[in-house]
Amino acid sequence: MIPARVILALGVVLADAFHAPSFAGNTKQGATWDEIKELPDWNGVFTWIRNPRPPMPVTARGQAQLDMIERLRKVNGDIPSRAKRCMLEGWPAGPTGPEEYSEEFVFTPGQVTMTQSQGYVRRIFTDGRKHHAGPVSYQGDSVGHWEGDTLVVDVVGMHAENEIYYGFVGGKNMHGVERIHLTDANTLAFDITIDAPDVLTASYR
């Protein structure tokens, strides 16, 4: 039987400041198979649960987008999000649900790979590399490191059409930091802070 494990999508407060991850105080980074044995156990299949989403600090452009989404919902009952059009939503919306999606994690030396039942594949590099200067993508460029039992991931290089959540597009120059950790044996928490200057006036957590 597949173990019942869940991912908790955190997002309940505004961040006062946006901090990039630091490697200070790190020990094991999963650089070898032996080090991987000392990392937290994320084996199994996870499904999503969520905390309520607080209001976002939106720019005028962001508010116009929210108003349009509300109008479309009233008329059509739904909105033409990327998922509705069978397209990847991209980070951060893509790998965070909805609830019927399932996720698995594969640990290999220098990398954590996140796979989803809908075909989303994301590679989080933990080998100490810097962000690449290549083209943008829906997954973005994820560089992570372990701080104890928490995987801290810095994400850049997202496509301008990536959605922060269902239907709400983040625009250019998005930047995110995730802190991923187990809160109990079967619950994995994603604490995400997003900076999206095209649509947000401040960092959003």
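About the cut-offs
Residues numbered from 1 in each chain as written. Predicted model: local features only at pLDDT ≥ 70, side-chain atom pairs only at ≥ 80, totals over all residues. Heavy atoms only, no water. Phe/Tyr/Trp six-rings, centres within 6.5 Å; stacked < 30°, edge-to-face > 60°. Helix = DSSP H or I, 4+ residues; strand = E, 2+ residues; numbered from the N terminus. Buried < 20%, exposed > 50% of the residue type's maximum accessible area, 1.4 Å probe, protein only. Polar contact = N/O pair within 3.5 Å; in protein donor to acceptor, adjacent residues only side chain to side chain. Contact = heavy atoms within 4.5 Å. Salt bridge = Lys/Arg side-chain N within 4 Å of Asp/Glu carboxyl O. Core = buried A, V, L, I, M, F, W, Y, C linked by side-chain atoms within 4.5 Å.

A. Main features of the packing of aromatic side chains. Summed over all chains, the structure comprises seven aromatic pairs. On the numbers, 5.8 Å between centres and 80° between planes, the contact of phenylalanine 46 with phenylalanine 105 is edge-to-face. Of the two residues, phenylalanine 46 is situated in strand S2 (residues 46–50) and phenylalanine 105 in strand S3 (residues 102–108); the sequence distance between them amounts to 59 residues. Of the two residues, phenylalanine 46 and phenylalanine 105, neither departs from the other in class, the shared state being buried. Three or more aromatic residues link up through ring pairs in this structure, and these residues are Trp42, Phe46, Phe105, Phe107 and Trp146.

B. Representation of the side chain of serine 142 in the model. Note on placement: serine 142 falls in strand S6 (residues 141–147). With relative accessibility at 0%, the residue serine 142 sits in the buried group. Here arginine 122 takes part through its side chain, which lies 3.0 Å from a polar atom of the side chain of serine 142. Aside from chain neighbours lying at most four places away, what touches serine 142 is Arg122, Arg123, Ile124, Phe125, Val153, Asp154 and Val155.

C. Here's a closer look at the pattern of salt bridges. Counted by the stated rule, this structure contains seven salt bridges. A salt bridge links arginine 61 to aspartate 198, with the nearest nitrogen and oxygen atoms 3.5 Å apart. Placement of arginine 61 in helix H2 (residues 60–76) and of aspartate 198 in the segment after strand S11 (187–195) is noted, with a sequence separation of 137 residues between them. Here arginine 179 makes a salt bridge to glutamate 147, at a shortest N to O gap of 3.0 Å. Of this pair, arginine 179 sits in strand S10 (residues 175–184) while glutamate 147 sits in strand S6, and the two are 32 residues apart along the sequence.

D. Fine view of the nonpolar core. Ranked by internal contacts, the top residues of the largest apolar core, which has 34 residues, are Phe105 and Ile164. Taken together, the elements giving at least two residues each to this core come down to S2, S3, strand S4 (111–116), strand S7 (150–156), strand S8 (163–165) and S11.

E. Highlighting unusual backbone geometry. Positive phi outside glycine occurs at asparagine 173, with the angle close to 65°. Relative to the helices and strands, asparagine 173 resides in the loop between strand S9 (168–169) and S10.

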